[in-house]
Amino acid sequence: MSQPTPLPPANELHASLARDGFVRIPNAFSPSDLARFRTAAQHATARARAGEWPFVRTVPKQFPPWPVSEATTEGIWDVQHLLHPSMPAVDRTVFAESYFGDTMVGAVTALLDCRKEDLVMELYNMLVCPPKDFALRWHRDDIGTDVPADVELDRLREPMMHAQWNLALYPDSSLVVVPGSHRRSRTEQERKADPYEDEMPGQVKVSMEAGDIVFYNNNILHRGVYDCKAKRLTLHGTMGLSGADPARSRNILQHGIGDWAAECDFGNLPGEMAMLARGMQRRLIGMGTGKEVGFSQQD
């Protein structure tokens, strides 16, 4: 594997995300970084599959809350809260370095045209292969399917206050999107389509190689299609901007991160990274605990 590719110019990243609703940064991490990430990811996945990690997303449920009792019976498709203080310290440090490190933060500040000091710590999870083939329905993360077209368009026109990404540790083609759909309300055909439609007009399968990052607008029309035979460990994260509206706060706090964010200790990170992490942590804590915020969508 070659050495990591420098980040593309900020204007190119920003333009691609604005135009298409997603942008791929190839070969963003070195072989040694990938090896460390994989080791920590394998440890966390093994704990979750054994029922030793309670923060999981279980098959066949797409939206929160997820019943922990089904983790060992129906299987999991996501390991949540990689920065949680109860994650073993060695692995938590590796995950934190992948999240707060220069590569990810540099890409996020370029995409959001902001300073590091504006960033808010949000979610950090890991997408894994389920024990059987499994698919999510077509959706926008924070706009329900019952929203009228005019309201949908108003929501889509709101300024971007966060970045969301997948970092593939092995080749991954699970994400399917409709390019440009983040800039318009759904067509009549899209509204009437089967929620699990396999051939949505204009859809694109986003193919990633190990070490690639794909950033995408979380309100692009998208779904996940998971092949149980594929080897999948894909780090899935978000970072926000301070001053986000209540809808964004709900979208993050509904996952329970407010219950433990104040307990995180990032003192074992390198100096400037630790300072950045603590600042982002403070801004997350400022959003509240998330008690009684409700859920963006449910199934």
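Predicted, not measured: the structure shown is a model, and the values here were computed from it.

Student: Teacher, can you tell me more about the overall build of the protein chain here?
Tutor: A tally of helices and strands in the protein chain yields eight helices and eleven strands. Taking 2.2 N^0.38 as the reference for a compact globule, 299 residues should give roughly 19 Å; the C-alpha atoms of the protein chain span a radius of gyration of 18 Å, in line with that estimate. Taken over the C-alpha atoms alone, the protein chain extends approximately 50 × 45 × 45 Å along its principal axes. Per-residue burial over the protein chain gives 54% buried out of 299 residues. Of the contacts formed within the protein chain by residues at least 6 apart in sequence, a portion of 83% connects residues at least 24 apart. On the protein chain, the mean spot of the 32 positive side-chain charges and the mean spot of the 39 negative ones are 1 Å from each other.

Student: What am I meant to see in helix 3 (residues 89-100) here?
Tutor: Think of an α-helix as 3.6 residues a turn; residues three or four steps apart then line up on the same face. Here helix 3 contains twelve residues, and its C-alpha end-to-end distance of 16 Å stays within 8% of the 16 Å for a straight helix at 1.5 Å per residue. With nine of twelve residues buried, helix 3 lies mostly within the body of the structure. Listed as buried for helix 3 are Asp 91, Arg 92, Thr 93, Val 94, Phe 95, Ala 96, Ser 98, Tyr 99 and Phe 100. Buried-residue contacts for helix 3 involve helix 2 (31-49), helix 4 (102-112), strand 4 (119-128), strand 6 (162-168), strand 11 (233-241) and helix 8 (271-285).

Student: Mind showing me how you'd approach unusual backbone geometry here?
Tutor: In most cases, non-glycine residues show a negative phi, while peptide bonds are predominantly trans. The peptide bond linking Val 59 to Pro 60 adopts the cis configuration, its omega dihedral lying at 5°. Locating Pro 60 in the fold gives a position in the loop between strand 2 (56-58) and strand 3 (76-79). If you check the backbone angles, Asn 27 has positive phi at about 50° while not being a glycine. Relative to the elements of secondary structure, Asn 27 occurs in the loop between strand 1 (22-25) and helix 2. In this structure, His 81 takes a positive phi of about 60° despite not being glycine. Structurally, His 81 is set in the loop between strand 3 and helix 3.

Student: Explain the pattern of salt bridges to me, please; I cannot follow it from the model alone.
Tutor: Note that side chains of opposite charge can pair when their charged atoms are close. Evaluated as defined, the whole model comprises 17 salt bridges. A salt bridge links Arg 186 to Glu 152; the nearest nitrogen and oxygen atoms lie 2.9 Å apart. Of this pair, Arg 186 sits in the loop between strand 7 (172-177) and helix 6 (188-192) while Glu 152 sits in helix 5 (residues 149-156); the two residues are 34 residues apart in sequence, bridging distant segments of the chain. Accessibility assignment for this pair places Arg 186 and Glu 152 in one class, buried. With a closest N to O distance of 2.6 Å, Asp 172 and Arg 232 form a salt bridge. Here the residue Asp 172 occupies a position in strand 7, and Arg 232 occupies one in the loop between strand 10 (222-226) and strand 11, the gap between them amounting to 60 residues. Look at Asp 172 and you get buried, because its relative accessible area is 4%. By relative accessible area, which is 7% here, Arg 232 ends up buried.

Student: Explain the pairing of strand 10 here, please?
Tutor: It is a general feature of regular strands that their side chains alternate between the two faces of the sheet. Of all the five residues making up strand 10, four are buried; the element is thus mostly covered by neighbouring parts of the structure. Relative to strand 10, strand 5 (residues 134-135) is paired through two bridges, and the arrangement is antiparallel. Paired with Ala 135 across the bridge in strand 10 is Val 225. Relative to strand 10, strand 7 runs antiparallel, the two sharing three bridges.

Student: Just checking my understanding: could you explain the state of the cysteines for this structure?
Tutor: Defined simply, a disulfide is a covalent bond joining two cysteines at their sulfur atoms. Counted under the stated rule, the structure contains zero disulfides. Cys 228 supplies the cysteine sulfur nearest to Cys 129, a cysteine that is in no disulfide, at a spacing of 7.6 Å. When its relative accessible area of 16% is taken as the criterion, Cys 129 is described as buried.

Student: Just to check I follow, could you spell out the sheet that holds strand 8 (residues 204-208) for this structure?
Tutor: Two orientations exist for strands paired in a sheet by backbone hydrogen bonds: parallel and antiparallel. Spatial ordering of the open sheet is given by 5-10-7-8, a layout of four strands whose pairing is antiparallel. The strands lining the two open edges of the sheet, one partner per strand, are strand 5 and strand 8.

Student: When you look at the packing of aromatic side chains in this model, what are you seeing that I'm missing?
Tutor: In this description, an aromatic ring pair is defined by two values, namely the gap between the centres and the angle between the planes. Counted under the stated rule, the structure contains eleven aromatic pairs. Ring pairing ties together the aromatic residues Tyr 99, Phe 100, Tyr 124, Trp 165, Phe 215 and Phe 266, which thus form one cluster. For Arg 38, the ring lying beneath its charged end belongs to Tyr 170, and the centroid distance is 4.4 Å.

About the thresholds
Residues numbered from 1 in each chain as written. Predicted model: local features only at pLDDT ≥ 70, side-chain atom pairs only at ≥ 80, totals over all residues. Heavy atoms only, no water. Helix = DSSP H or I, 4+ residues; strand = E, 2+ residues; numbered from the N terminus. Rg over C-alpha atoms; globule rule 2.2 N^0.38 Å. Buried < 20%, exposed > 50% of the residue type's maximum accessible area, 1.4 Å probe, protein only. Contact = heavy atoms within 4.5 Å. Lys, Arg positive; Asp, Glu negative; His and termini not counted. Charge placed at Lys NZ, Arg CZ, Asp CG, Glu CD. Expected span 1.5 Å × (residues − 1). Salt bridge = Lys/Arg side-chain N within 4 Å of Asp/Glu carboxyl O. Pairing = 2+ DSSP bridges. Disulfide = S-S within 2.5 Å. Phe/Tyr/Trp six-rings, centres within 6.5 Å; stacked < 30°, edge-to-face > 60°. Lys NZ or Arg CZ within 6 Å of the ring centre and 35° of its normal.

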